[in-house]
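Observations on the three-dimensional arrangement
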Amino acid sequence: MSGRPLLNRRLDGLGTTIFAEMSALATATGAINLGQGFPDTDGPESVREAAVRALREGHGNQYPPGPGIPELRAAISDHQRRFYDLSFDPDTDVLVTAGATEAIAATMLALLEPGDEVIAFEPFYDSYAACIAMAGAKRVPLTLRAPSFRPDLDELRAKITPRTRLLLLNTPHNPTGMVLTAEEQSAIAALAVEHDLLVVTDEVYEHLVYEGTHRPIAALPGMRERTVSISSAGKTFSFTGWKVGWVMADGPLVSAVRTAKQYLTYVSAGPFQYAIAEALRLPDAYFDSFRADLRRKRDLLGDGLLAAGFEVYQPQGTYFITTDITPFGEKDTYAFCRALPERCGVVAIPNSVFYDDPDAGRSQVRFTFCKRDDVLNEAASRLRHLAS
Ligand SMILES: *Cc1c(COP(=O)(O)O)cnc(C)c1O
């Protein structure tokens, strides 16, 4: 072999995701894992049964259609009409993907040329940086700053250059829990129209909003033809292992994304697509009680973190709470999170890894609250040792 590094330059520095590292630490130490955001109880029994039925009856056990099964595309289209009064033609405007993760990857690979600039909120969801890099494009962070984590729209305007191709939005935002307001969305949409930018919006937490409301930016004037909306069943139905996601946009955009998706996975998760088609048609009571339950868990963990001495930034959505460790006289969140399992048997994620600006997130730590009440109570009581 030549002395050339095996990992190509585009992926240099992306290493192992922090979630793999911290989940391994949780397993090795037996600590409570409030790091990675996956629920510790599965979604609705009826939806699980629908998957079993599909498997038994031979639905989706062989390659399903490339764009996704018609039943699921129709259910996605109906869901957008039911919740947001948005209309997407299930035959041309919807594409089923292997989770939102593949939707993001395929969208970036399809829409970006090498050298294009992508403006995205920092702290980033970690796959954004990787997908932008794999497409050979350049990420330009718009830093969300504590305590409110609201985007500075003047700063956004200033970051737009002739090379800017795309705005990558995420609302509700992981990890900060920020939910864009109608005014912010309008201002962002106006900039996108003025500068003729594409907008990609990751809405996987659309049903987990506790303050304010979720409105897809695709609904705003001038946005429909330039917006790719992405969502997923993982967070909404507590089946993160099924990896059923989707892309919604005008036909030409979906067709571009489908071109990339075809050669990434071709298709995915046949029987689960049938089950998620049923899940999307669950009555409002499901969505309402899921949200109410998670709101209660947010408050449960938030109170515990306050009692333990953290500065707590109340999230408006998602299932994460961002905290600050400055009250403990500590600054380096990475060191803090590595030591936390030994100190008190809890795993959390250092937000610093989601920032390009090394100072912006230096003292922030993220906890997830999508866990059983007894787990959250036990974690809160363990964390109280930090206060003494
Ligand atoms: C979990 C998550 C995803 C990935 O969704 P999958 O459907 O599991 O691939 C994408 N974006 C954000 C912001 C997430 O939190």
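Here is what the cut-offs are and how they apply
- Residues numbered from 1 in each chain as written.
- Predicted model: local features only at pLDDT ≥ 70, side-chain atom pairs only at ≥ 80, totals over all residues.
- Heavy atoms only, no water.
- UniProt positions renumbered as here; feature names shortened; annotations may be inferred.
- Near = heavy atom within 4 Å.
- Polar contact = N/O pair within 3.5 Å; in protein donor to acceptor, adjacent residues only side chain to side chain.
- Areas by Shrake-Rupley, 256 points an atom, 1.4 Å probe, with all protein chains shown as cover.
- Pairing = 2+ DSSP bridges.
- Helix = DSSP H or I, 4+ residues; strand = E, 2+ residues; numbered from the N terminus.
- Axes fitted to C-alpha atoms, helices over the stretch in contact; angles between N-to-C directions.
- Contact = heavy atoms within 4.5 Å.
- Buried < 20%, exposed > 50% of the residue type's maximum accessible area, 1.4 Å probe, protein only.
- Core = buried A, V, L, I, M, F, W, Y, C linked by side-chain atoms within 4.5 Å.
- 1 Å grid on protein atoms, 1.4 Å probe; cavity = no way out; pocket = protein on both sides within 12 Å on 5 of 7 lines; lining within 4 Å.
- Points joined across faces, edges and corners; volume = space filled by probe spheres on them.
- Nonpolar A, V, L, I, M, F, W, Y, C, P; charged D, E, K, R; others polar.
- Parallel < 35°, antiparallel > 145°, perpendicular 65-115°, else oblique.
- Expected span 1.5 Å × (residues − 1).

Taking an unreviewed UniProt entry as the reference, the chain is identified by name as Pyridoxal phosphate-dependent aminotransferase belonging to Streptomyces hirsutus. Recorded in UniProt under Cofactor (unreviewed entry), the annotation for the chain is "pyridoxal 5'-phosphate".

This part is about the site of the ligand. The local shell around the ligand consists of G99, A100, T101, Y125, N170, N174, D202, V204, Y205, S232, K235 and K243. Within the side chain of S232, one N or O atom sits 2.6 Å away from an oxygen atom of the ligand. K235 places a side-chain nitrogen or oxygen 3.0 Å from an oxygen atom of the ligand. Expressed as a share of its isolated accessible area of 390 Å², the protein-covered part of the ligand is 94%.

A separate point is the sheet that holds strand β5 (residues 164-170). Across the sheet, 7 strands lie side by side as β2-β8-β7-β6-β5-β3-β4; this open sheet has mixed pairing. At either end of the open sheet lies a strand with only one pairing partner, and these are β2 (94-98) and β4 (138-143). The mean inter-strand angle of the sheet, taken between neighbouring strand axes irrespective of direction, is 25°. In terms of strand pairing, strand β6 (residues 198-202) meets strand β7 (residues 227-232) through 4 bridges, oriented parallel. Note that in β7 the partner of T201 across the bridge is S229. With respect to the sheet, helix α9 (residues 251-264) is in contact with β2, β6, β7 and β8 (244-248), its orientation differing from that of β2 by roughly 25°.

Our focus in this paragraph is unusual backbone geometry. Looking along the chain, the bond that leaves A146 and enters P147 is cis, with omega of 5°. Its place among the elements puts P147 in the loop between β4 and α6 (153-159). For the bond running from N174 to P175, omega is 15°, close enough to zero to count as cis. Here P175 is to be found in the loop between β5 and α7 (182-194). With a phi close to 50°, D196 is a non-glycine residue in the positive phi region. Topologically, D196 is positioned in the loop between α7 and β6. The exposed category is assigned to D196, whose relative accessible area is 55%. At K243, a position not held by glycine, the phi torsion is positive, near 55°. Residue placement: K243 occurs in the loop between α8 (233-237) and β8. Exposure remark for K243: the relative accessible area of 37% places this residue in the partly exposed category.

Another point: the sheet that holds strand β12 (residues 349-350). The sheet built from 4 strands is open, its strands ordered β9-β10-β13-β12 with antiparallel pairing. Only two strands of the sheet have a single neighbouring strand rather than two, namely β9 (311-313) and β12. As judged from the 3 bridges shared by β9 and strand β10 (residues 320-324), these two strands associate in the antiparallel manner. By the bridge assignment, E311 is partnered in β10 with D324.

With 96 residues, the main nonpolar core has M108, F237, I276, F310, F367 and L383 as its most contacted residues. Not counting chain neighbours up to four residues away, the residues in contact with F367 comprise L34, L301, L305, F310, Y319, F320, I321, T323, L340, V346, A348 and L383.

Time to look at the layout of surface pockets. Roughly 960 Å³ of volume is contained in the largest pocket. Around the largest pocket, the lining comprises 43 residues; the ones closest to its centre are T17, F19, Y125, D126 and S127. Elements represented by at least two residues in the lining of the largest pocket include exactly α1 (18-29), α4 (99-111), α5 (126-134) and α8. Counting residues per element, the lining of the largest pocket draws most heavily on α5, at 6 residues. Class assignment for the residues of the lining of the largest pocket results in 19 nonpolar, 14 polar and 10 charged. Considering only enclosed or pocket space, the second largest pocket measures out at about 230 Å³ in volume. What lines the second largest pocket is a set of 17 residues, among which T41, S238, F290, D293 and L294 lie closest to the centre. Here the element with the most residues in the lining of the second largest pocket is helix α11 (residues 284-308); it accounts for 6 residues.

Let us now look at the UniProt feature "domain: Aminotransferase class I/classII large" (unreviewed entry) in the chain. Following the UniProt record, the feature "domain: Aminotransferase class I/classII large" (unreviewed entry) maps to residues 31-383 here. Structurally, residues 31-383 is divided into 42% helix and 17% strand, and its ends, taken at the C-alpha atoms, are 12 Å apart.

In the contact formed by α11 and helix α13 (residues 373-383), the axes pass within 8 Å of each other and the chain directions differ by 10°. Taken together, the axis directions place α11 and α13 in an arrangement best described as roughly parallel. Two secondary-structure elements touch here, α11 through R296, K297, L300, L301, G304, L305 and A308 and α13 through D373, L376, N377, A380 and L383. Classifying every residue of the contact of α11 with α13 by side-chain character gives 7 nonpolar, 2 polar and 3 charged.

Our focus in this paragraph is helix α3 (residues 70-84). Residues three or four positions apart in an α-helix share a direction because the helix packs 3.6 residues into each turn. A rise of 1.5 Å per residue sets the reference length of α3, with its 15 residues, at 21 Å; its end C-alpha atoms lie 21 Å apart and thus fit the reference within 8%. Every buried residue belonging to α3 is among L72, R73, A75, I76, S77, H79, Q80 and Y84, and all of these are buried. For α3, the secondary structure elements touched by its buried residues are β2, β8 and α10 (270-279). Looking at the residues trailing α3, positive phi occurs at D85, about 55°.

So, about the pairing of strand β13 (residues 364-368). The element β13 is largely enclosed, with a buried count of 5 among its 5 residues. Going residue by residue along β13, you find Q364, R366 and T368 tucked away on one face and V365 and F367 tucked away on the opposite face as well. Direction of pairing for β10 relative to β13: antiparallel, over a ladder of 5 bridges. When the bridges of β13 are listed, T322 appears paired with R366. Examined bridge by bridge, β12 and β13 share 2 bridges and lie antiparallel to one another. For I349, the partnering residue across the bridge sits in β13 and is R366.

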